Amino acid sequence: MSTVLVTGFGPFGGHTDNPSARAVELLAREWAPPAGSRLVTAVLPVSFARATAQLRALVEEHAPAVVLGVGLAAGRRRLGLERVALNLVDARIPDVDGAQPVDVPVLPGEPTARLTTLPVKSALLALQDAGLPAELSLSAGTYVCNAVMFAGLTYASDEAVAGFLHVPDVDVLPVAETARAVSVVLTTVLASTTDVVVPGGREH
């Protein structure tokens, strides 16, 4: 049986709530994985040290075939399928532990960047077909979401696929719709890990 690991985040900064956590919790209650698959979910702290350590422990325990991180991108108007995770931390604000690293690697000794292994263009088309606002996003940033994406791509097995979905706040997309978006991405990934070949780049 293949395992699908989906993580959200707890509150951080000035946010007393995090829709990524609520969406992942709703997904766990309502989404039925396809036959032969099981879902494991976790809510990670917005902490550089603890989130990456907890993710590594989850990957080692469950050996997932799919690793999908979900996190809040306040101010965005669309779901963002991230394409690149940087091995770089440059924290504009402290994490929940008070740490604010600047210009240090997520994981020392690892490559400068890792590309998502999710079929993000297929997932984008599926989200759009489902009537959900979505786009491809080049970079997951340099905060804890990016750190978790980079760690997931590093710790997942070579046979697994991993990536990250940034979600807007609830005033843009209700939690139920965010959970539906995550289920659409997962269903797409489990159907095929081979991405479609269509243009998705940007000029700037």
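For clarity, every value in this text was computed on a predicted model and none was experimentally measured.

Colleague: Would you explain the packing of aromatic side chains in this entry?
Modeller: Two numbers describe a pair of aromatic rings. These are the distance of the centres and the angle of the planes. Inspection of every chain in the model, using the stated rule, returns 3 aromatic pairs. Ring geometry for F9 and F164: centres 6.5 Å apart, planes at 40 degrees, overall tilted. Of the two residues, F9 is situated in strand β1 (residues 2-9) and F164 in strand β9 (residues 161-167); the sequence distance between them amounts to 155 residues. Looking at F164, the relative accessible area reads 0%, which means it is buried. Measuring from centroid to centroid gives 6.1 Å for F12 and Y143, while their planes differ by 45 degrees, and the two rings are tilted. Note that F12 is positioned in the loop between β1 and α1 (19-30) and Y143 in the loop between β8 (134-139) and α4 (144-155), a separation of 131 residues in sequence. Across the pair, exposure class does not vary: F12 and Y143 are buried alike. Through successive ring pairs, a cluster of aromatic residues spans F12, F48 and Y143.

Colleague: Just to check I follow, could you spell out unusual backbone geometry for this structure?
Modeller: For residues that are not glycine, phi is negative in most cases, and the peptide bond is trans in most cases. In this structure, A63 is a non-glycine residue whose phi angle is positive, near 45 degrees. In this fold, A63 is placed in the loop between α2 (48-62) and β3 (66-72). Even without a glycine there, the phi angle at D103 is positive, about 55 degrees. Secondary-structure assignment places D103 in strand β6 (residues 102-104).

Colleague: Just checking my understanding: could you explain the nonpolar core for this structure?
Modeller: Side chains that are nonpolar tend, in soluble globular proteins, to be buried together. In this structure, F9, V144 and V148 are the most contacted members of the largest nonpolar core, which totals 33 residues. Ranked by residues supplied to this core, first place goes to α4 with 8 residues. Residues in contact with V148, not counting those within four places in the same chain, are T7, F9, L44, A51, L55 and F164. With 29 residues, the next largest nonpolar core counts V4, W31, L81 and V184 among its residues.

Colleague: Looking at this structure, how should I read the pattern of salt bridges?
Modeller: Pairing between side chains becomes possible if they bear opposite charge and their charged atoms approach one another. Here the structure, examined in full by the defined rule, presents 6 salt bridges. For R180, the salt bridge is made with E177, and the minimal N-O distance between the two is 2.9 Å. Here R180 and its partner E177 are both found in helix α5 (residues 175-191), 3 residues apart, which amounts to about one turn of the helix. Its relative accessible area of 29% is what places R180 among the partly exposed residues. On the basis of relative accessibility, which here comes to 27%, the residue E177 falls in the partly exposed class.

Colleague: Where do I start with helix α3 (residues 120-129) in this structure?
Modeller: Residues that lie three or four places apart on an α-helix share one face, since the helix turns once every 3.6 residues. Among the 10 residues that make up α3, 7 are buried, leaving the element largely enclosed by the rest of the structure. Those residues of α3 that fall on the buried side of the exposure criterion are V120, K121, S122, A123, L124, A126 and L127. Those residues of α3 hidden inside the fold are in contact with β4 (79-86), β8 and α5. Directly beyond the C-terminal end of α3, a positive phi value near 80 degrees is found at G131.

Colleague: What is the right way to look at the environment of H62 in this model?
Modeller: Mapping H62 onto the fold places it in helix α2. Residues H62 and T3 lie 59 residues apart in sequence; the distance between their C-alpha atoms is 6.9 Å. Filtering out sequence-adjacent residues up to four positions away, H62 remains in contact with T3, R38 and V40. A polar side-chain atom of H62 sits 3.2 Å from a polar atom in the side chain of R38.

Colleague: What am I meant to see in the pairing of β1 here?
Modeller: In summary, the side chains of a regular strand alternate between the two faces of the sheet. Along β1, 7 of the 8 residues are buried, which leaves the element largely enclosed by surrounding structure. Note: β1 against strand β2 (residues 37-44), 8 bridges, orientation parallel. Bridge pairing in β2 links T7 to A42. With respect to chirality, the unit in which β1 leads through α1 into the neighbouring parallel β2 is right-handed. One ladder, built from 4 bridges, connects β1 with β3; its direction is parallel.

The rules behind each value
Position labels on residues start from 1 in each chain and follow its written sequence. Given that this is a predicted model, residues contribute local features only at a pLDDT of at least 70 and side-chain atom pairs are listed and counted only at 80 or more, while totals for whole chains, interfaces and linings are drawn from all residues. The basis for every side-chain value is the complete set of non-hydrogen atoms in the structure, without hydrogens or water. The rule is short: rings of Phe, Tyr and Trp, with Trp giving its six-membered ring, pair when the centres are within 6.5 Å, and they are stacked under 30 degrees, edge-to-face over 60, tilted in between. Secondary structure follows DSSP: runs of H or I at least 4 residues long count as helices, runs of E at least 2 residues long count as strands, and numbering of each begins at the N terminus. Summary of the burial criterion: residues with accessible area below 20% of their type's maximum are buried, those above 50% are exposed, and those between are partly exposed, where the area comes from a 1.4 Å probe applied to protein chains only. In plain words, nonpolar cores are sets of buried Ala, Val, Leu, Ile, Met, Phe, Trp, Tyr and Cys residues tied together by side-chain atoms within 4.5 Å. Contacts: residue pairs with any heavy atoms within 4.5 Å of one another. Salt bridges are defined as contacts in which a side-chain nitrogen from Lys or Arg sits within 4 Å of a carboxyl oxygen from Asp or Glu. Under the rule applied, a polar contact is a pair of N or O atoms within 3.5 Å (in protein, one hydrogen donor and one hydrogen acceptor; residues adjacent in sequence only if both atoms are side-chain atoms). Whether two strands pair depends on DSSP finding at least two bridges between them. Here is how to tell: hold the view so the strands point away, follow the path from the first strand over the helix to the second, and if it runs clockwise the crossover is right-handed.

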